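Chain and residue survey
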Amino acid sequence: NNSGRSGLFASALSDTGMGGSIRVNAGSIEIQNGATINAGNFPSVNSAIAPGEGAAGSINITTNLISLWNEGTITTSTFTGDGGNIRLESDAIVARNNSAITTNASRTATGGNIAILSDAVVAVPGENSDITANAQQGQGGRVEITAGQIYGFAFSDRLTPDSDITA
C-alpha cells in the first residue's frame with residue numbers, strides 16, 4: 001500500500017487525542033510483508049500526514065504463536081505524548097527478515113514498555129529483527145522478557161545490523 005502499511009491500527013493522527021488500545025486473543029498470529037499491529041499517534045508510513053499529540057495506546061496479544069516475517073511489526077509510537085506499552089504472551093515468538101517489536105517515542109516523549117512472556121523468543125542471526133523500547137530525547141521504556149529460551153537476539157545498548165534487544 002503506497003499510502004501506508006496494512007494491519008490493525010488504533011491511532012489518533014491529529015490534535016490531542018490518545019491512541020486506542022488493541023487486544024488480540026487468537027490461536028496464532030502471522031504478521032508479514034510489511035504488515036503491522038500499531039497503536040499510536042503516527043501515521044503508519046505516510047510522512048505527509050502530521051502526527052497527533054496525545055499518548056499512544058497499548059497492545060496486548062495472547063496467542064500460541066506470534067510469527068513476524070519480512071518487516072512485520074508490532075509497535076506503539078508517540079510523537080509528543082507518553083509511549084504505549086506492548087504485552088505479548090505466547091508459547092513462541094519468531095521474528096525474521098527485519099521484523100520488529102517496538103515502542104518508540106519522539107522528541108521529549110516518554111517511551112513505552114515491552115513485556116514478553118514466552119517459552120521461546122527466536123530470531124535468525126544476521127536478519128536484523130529487533131525488540132526495542134527507545135526514545136529520542138525523553139526516557140526510554142523497559143524491555144522485560146520472561147522466557148525459557150532466547151535465540152538469535154543480543155542485548156545491546158544501541159541498534160546494530162544484527163537482531164538486538166535495546167532500551
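Further up the page is the structure itself.
A short tour of the structure in this document, coming up.

About the criteria used
Residues numbered from 1 in each chain as written. Predicted model: local features only at pLDDT ≥ 70, side-chain atom pairs only at ≥ 80, totals over all residues. Heavy atoms only, no water. Helix = DSSP H or I, 4+ residues; strand = E, 2+ residues; numbered from the N terminus. Buried < 20%, exposed > 50% of the residue type's maximum accessible area, 1.4 Å probe, protein only. Contact = heavy atoms within 4.5 Å. Areas by Shrake-Rupley, 256 points an atom, 1.4 Å probe, with all protein chains shown as cover. Core = buried A, V, L, I, M, F, W, Y, C linked by side-chain atoms within 4.5 Å. Pairing = 2+ DSSP bridges. Axes fitted to C-alpha atoms, helices over the stretch in contact; angles between N-to-C directions. Salt bridge = Lys/Arg side-chain N within 4 Å of Asp/Glu carboxyl O.

This part takes up the overall build of the protein chain. Counting secondary structure elements, the protein chain contains 0 helices and 12 strands. Secondary structure elements of the protein chain, listed N to C terminal, follow the sequence β-β-β-β-β-β-β-β-β-β-β-β. Put simply, the protein chain has 167 residues, and 44% of those count as buried. Pairs at least 24 apart in sequence give 77% of the contacts found in the protein chain among residues at least 6 apart. Split by element, the accessible area of the protein chain, about 7900 Å² in all, is 45% carbon and sulfur.

This paragraph deals with the nonpolar core. By size, the foremost hydrophobic cluster in this structure holds 27 residues, and its most contacted members are Ile61, Ile74, Leu88, Ile101 and Ile131. Counting only elements with at least two residues in this core, the list comes to β2 (22–32), β3 (36–40), β4 (59–69), β6 (86–95), β8 (114–123) and β9 (130–135). If near-sequence neighbours (up to four positions away) are discounted, Leu88 is found in contact with Ile61, Ile66, Ile74, Ile93, Ile101, Ala115, Ile116 and Leu117.

Our focus in this paragraph is the side chain of Thr76. By the secondary structure assignment, Thr76 is in strand β5 (residues 73–78). For Thr76, a relative accessible area of 1% translates into the label buried. Apart from residues lying up to four places away in sequence, Thr76 is in contact with Ala39, Ala56, Gly57, Ile59, Gly84, Asn85, Ile86, Thr102, Thr103 and Asn104.

Across the sheet, which stays open at both edges, the 5 strands sit in the order β2-β4-β6-β8-β10 with parallel pairing between neighbours. Both outer strands of the open sheet, β2 and β10 (143–151), are each paired with one neighbouring strand and no more. For this sheet the average axis-to-axis angle between neighbouring strands, irrespective of direction, equals 10 degrees. Pairing between β8 and β10: 8 bridges, direction parallel. Within β10, the position partnered with Ile116 by the bridge is Ile145.

Moving on, we get to the sheet that holds β9. Spatially, 7 strands are ordered β1-β3-β5-β7-β9-β12-β11 in an open sheet, and the strand pairing comes out parallel. The open sheet has two edge strands, β1 (7–11) and β11 (154–155), and neither has a second partner. Relative to β5, β3 runs parallel, the two sharing 5 bridges. Paired with Ala39 across the bridge in β5 is Thr76.

Now for unusual backbone geometry. Its identity is not glycine, yet Asn70 carries a phi of approximately 50 degrees, on the positive side. Following the sequence through the fold, Asn70 ends up in the loop between β4 and β5. Positive phi is not limited to glycine here, since Glu71 has a value of about 70 degrees. With respect to the helices and strands, the residue Glu71 is situated in the loop between β4 and β5. Classification of Glu71 by relative accessible area gives partly exposed; the value is 42%.

The next point concerns the pattern of salt bridges. Taken as a whole, this structure holds 4 salt bridges when the rule is applied. Here Arg96 and Glu127 are joined by a salt bridge, their closest N and O atoms 2.6 Å apart. With a gap of 31 residues between them, Arg96 in the loop between β6 and β7 (100–105) and Glu127 in the loop between β8 and β9 connect regions that are remote in the sequence. By relative accessible area, Arg96 is classed as partly exposed at 23%. Between Glu144 and Arg142 there is a salt bridge whose closest N-O contact spans 3.0 Å.

Relative to the assigned elements, Asn60 resides in strand β4. As for Asn60 and Ile86, which are separated by 26 residues in sequence, their C-alpha atoms are 6.0 Å apart.

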